Amino acid sequence: MEPMTASHADTDARADLMSYLDFHVEAGVDAALDERPHDRVAEAEAAALAPAPRAEPAPRREPPPREPLPQRDPAPGEDAPLEFRRELPSRDPPPREPPRTYGNAAGAKPGEAADDARARAAQMTTLEELEALLRGFEGCGLRFTAKNLVFADGNPQARVMFVGEAPGADEDRIGKPFMGRSGQLLDRMMAAIGLDRSSAYISNVVPWRPPGNRNPTPQEISICRPFVERQIELANPDILVCLGAPATQTLTGTKDGILKARGRFYPYRLGDGREIRALATLHPAYLLRQPVQKRLAWRDFRMLKAALDGSAAGR
């Protein structure tokens, strides 16, 4: 065996060094930042444990001396010079902003926005005035997230008025209620008993779309309720049809679920004291999810047809 010489050792060391450097290059370490290695973890821990340096206070600068102003006594009846007068603070309270509806509705106290809505809605004498009021109303935060106000569609002189819960994406885009798939189904349901949008009036409890098609909150419903109630009074239908549980519970006061409440007429009293009938039935959107329940909705619409024919015969 050939003995290892110094040249062999140098060659092996050089080969080991080149392999070591190749390993680092392949790992992405291809630039030297210092002559010696640094333990960055240890440096970070040491910096965290070291006391924070005390900040030296900035040297205080003395203001330059001001030259005294020449003084003289004012003549009799003469006011003191302006440079010697002192402005006294005003005792008047700061001006208050004029009262307005809540632009930031989330900050409104519970009930305040609803009371404001009730007072304003009661002053409206036409549906056009009520719609204009809603376009400028800022007491409900949904107004600021929706694209359009969805007030109503159809014939306000019709004998029957349908009220749903709230607009969806299609209604928000177009600005009219029941414009999407549920609206198409409602049109077919009305056509089955001889109605269309020229012989019916359609609206919602909440006239603005909740974000993401979520359900309106109880506070949002309480704020919008005075408007839909005034809308019903001004439209003055013979029969009111509540589509779905939220509309039924809001307008009739029942706590029953819609499957228990549907198929019944409830008394609904208008602002002038006149009482009309409100029929509870299933919402078309629910029927799209549960087609087997269409048979129940058909029964309800047959009741509506009979009620309309009966009221027409009694006139």
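Residues numbered from 1 in each chain as written. Predicted model: local features only at pLDDT ≥ 70, side-chain atom pairs only at ≥ 80, totals over all residues. Heavy atoms only, no water.

K.L.:
Let's hear about the environment of methionine 190: which residues, and what values?
P.N.:
You can see methionine 190 is positioned in helix H6 (residues 181-191). Sequence separation between methionine 190 and alanine 200 is 10 residues, and the spatial gap between their C-alpha atoms is 8.7 Å. When sequence neighbours within four positions are dropped, the list of residues in contact with methionine 190 reads Phe162, Leu195, Asp196, Arg197, Ala200, Ile202 and Phe301. (Helix = DSSP H or I, 4+ residues; strand = E, 2+ residues; numbered from the N terminus. Contact = heavy atoms within 4.5 Å.)

K.L.:
Go over the pairing of strand E4 (residues 239-243), please, and point to the residues and values.
P.N.:
Among the five residues of E4, five are classified as buried, and the element is accordingly described as predominantly covered. Summarising the sheet, strand E2 (residues 160-164) and E4 pair through four bridges and their orientation is parallel. In the sheet register, valine 160 faces E4, and the bridge partner there is isoleucine 239. Where E4 lies against strand E6 (residues 275-281), five bridges are found, and the strand directions are parallel. In the sheet register, valine 241 faces E6, and the bridge partner there is leucine 279. (Buried < 20%, exposed > 50% of the residue type's maximum accessible area, 1.4 Å probe, protein only. Pairing = 2+ DSSP bridges.)

K.L.:
So, the sheet that holds strand E1 (residues 153-154): which residues are in play, and what are the values?
P.N.:
Pairing within the open sheet is mixed, and its six strands lie in the order E1-E3-E2-E4-E6-E5. A single partner strand is all that each edge strand has here, and the edge strands are E1 and strand E5 (265-269). In this fold helix H8 (residues 245-252) packs onto E2, E4, E5 and E6, with an angle of close to 135° to the strand it touches most, E4. (Axes fitted to C-alpha atoms, helices over the stretch in contact; angles between N-to-C directions.)

K.L.:
Any chance you could break down the nonpolar core for me, citing the residues and the numbers?
P.N.:
Membership of the largest hydrophobic core comes to 37 residues, with the highest contact counts inside it found for Trp208 and Leu240. Every element with two or more residues in this core is listed here: helix H3 (112-122), helix H4 (127-136), E2, helix H7 (218-235), E4, H8 and E6. Here this core gets seven residues from one element, more than from any other, and that element is H7. If we ignore the near neighbours within four places in the chain, the residues touching leucine 240 are Met161, Val163, Ile232, Leu251, Tyr268, Ile276, Arg277, Ala278 and Leu279. One finds Phe162, Ala261, Tyr266 and Leu308 within the second-largest nonpolar core, a separate group that totals 27 residues. (Core = buried A, V, L, I, M, F, W, Y, C linked by side-chain atoms within 4.5 Å.)

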